[in-house]
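# Secondary and tertiary structure notes
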Amino acid sequence: MEKRELLYEGKAKKVYATDDPEVLLVDYKDDATAFNGLKKGTIAGKGAINNRVTNYMMRILEKEGVPTHYVEEISPCETLVKKVSIVPLEVIIRNISAGSFAKRFGVSEGIVFEEPTIEFSYKNDELGDPLMNAYHAFALGLATKKEIETIKEMAFKINAVMKDFFRKLKVDLVDFKLEFGRLSDGTIVLADEISPDTCRFWDSETHEKLDKDRFRRDLGNVEDAYKEMMKRILGE
Ligand code: ADP
Ligand code: UDP
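### What about empty space enclosed by the protein?
Scanning the model with the defined rule gives one cavity of 30 Å³ or more in all. Together, Val26, Tyr28, Thr54, Asn55, Met58, His69, Tyr70, Thr79, Val81 and Asp192 line the largest cavity. Listing elements by their share of the lining of the largest cavity, those giving two or more residues are β3 (23-28), α1 (46-63) and β7 (78-82). No other element matches α1, which puts three residues into the lining of the largest cavity. In the lining of the largest cavity, the residues fall into five nonpolar, four polar and one charged.

And the structure:
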């Protein structure tokens, strides 16, 4: 597969065309941003870790029957994926209170929910990714009712698989963000990434944060946290 023109440069990844119109090449960067781009920095080694962690998770999910955009990892920071039209929703699943949930509802972090929650935000940087419900998404024509149902079912299934996987690594899966897209035939698949950038991971015993909150909140040892997650997930 040949790498062609740069189609898009985002905050964490670059997306290139390839000689196959149905396939894109994603290149993971070490750049880190938080608070809608207000805080900027780099995390050495993050690109390779997020690439490898994402692909590992995508392969597990595929095995469990979740369709994903994953095609092939071709270098430490580069992966081929099926081109999708992204549904402009950030789908957030939470098992434990943290972050914007704790802030919005005035509760402490660390409340373990009896059932996972789901929420959507409109993927729109200019508007600051506002929270929206399924009716809003449908009213704005972002997705059909059937697509929203499919996305919800897939997101809870992904949570069940991931919770179980991380429990065995002595990691609590606190919350995470997913993105979904449509293949050219309309099939909804999991897209984008699953990494310490997009998930909150807490060590089950020490409750130490092993994710991007170390960068967001200036907690130090950011690189070590990413490395530790890669070590637990990939065993190296
Ligand atoms: P952002 O756009 O939020 O800065 P990134 O730096 O991660 O994010 O850029 C990657 C972009 O590629 C995102 O906009 C994401 O929605 C999009 N994307 C992820 N997977 C695919 C895919 N399979 N096909 C097309 N676009 C994708
Ligand atoms: N998240 C993300 N991208 C975003 C917003 C959130 O990957 O643009 C992830 C975040 O890492 C966390 C979960 O989604 O694992 C929930 O984030 P929250 O709503 O608490 O927002 P934050 O605290 O990041 O502002």
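There is more to say, and it comes next.
### Some words on the packing of aromatic side chains
Here the structure, examined in full by the defined rule, presents five aromatic pairs. Summarising the aromatic geometry, the rings of Phe101 and Phe105 are spaced 4.8 Å apart at their centres and angled 65° between planes, so their arrangement reads as edge-to-face. A residue pair is termed a helical-turn pair when its members lie 3 or 4 positions apart in one helix, as Phe101 and Phe105 do in helix α2 (residues 99-105) at four residues. Their ring planes at 80° and their centres at 5.1 Å tell us that Phe165 and Phe166 sit as a pair that is edge-to-face. As far as burial versus exposure is concerned, Phe165 and Phe166 are alike and both buried.

### Some remarks on the site of ligand 1
Surrounding ligand 1, one finds 17 residues, the nearest of these being Tyr8, Lys11, Ala12, Lys13 and Glu179. At 2.7 Å from an oxygen atom of ligand 1 is found a main-chain nitrogen or oxygen belonging to Ala12. Contact between ligand 1 and Lys13: an oxygen atom at 2.5 Å from a side-chain N or O atom of the residue. Bound to the protein, ligand 1 loses 88% of the 560 Å² it would expose on its own. Considered class by class, the residues forming the shell around ligand 1 number eight nonpolar, two polar and seven charged.

### Let's talk about the site of ligand 2
Close to ligand 2 lie 15 residues, the nearest being Arg94, Ser100, Asp175, Arg200 and Arg216. At a separation of 2.6 Å, an oxygen atom of ligand 2 approaches a polar side-chain atom of Asp175. In isolation ligand 2 has 500 Å² of accessible area, and contact with the protein removes 77% of it.

Calculation criteria
Residues numbered from 1 in each chain as written. Chains lettered and ligands numbered in written order. Predicted model: local features only at pLDDT ≥ 70, side-chain atom pairs only at ≥ 80, totals over all residues. Heavy atoms only, no water. 1 Å grid on protein atoms, 1.4 Å probe; cavity = no way out; pocket = protein on both sides within 12 Å on 5 of 7 lines; lining within 4 Å. Points joined across faces, edges and corners; volume = space filled by probe spheres on them. Helix = DSSP H or I, 4+ residues; strand = E, 2+ residues; numbered from the N terminus. Nonpolar A, V, L, I, M, F, W, Y, C, P; charged D, E, K, R; others polar. Phe/Tyr/Trp six-rings, centres within 6.5 Å; stacked < 30°, edge-to-face > 60°. Buried < 20%, exposed > 50% of the residue type's maximum accessible area, 1.4 Å probe, protein only. Near = heavy atom within 4 Å. Polar contact = N/O pair within 3.5 Å; in protein donor to acceptor, adjacent residues only side chain to side chain. Areas by Shrake-Rupley, 256 points an atom, 1.4 Å probe, with all protein chains shown as cover.

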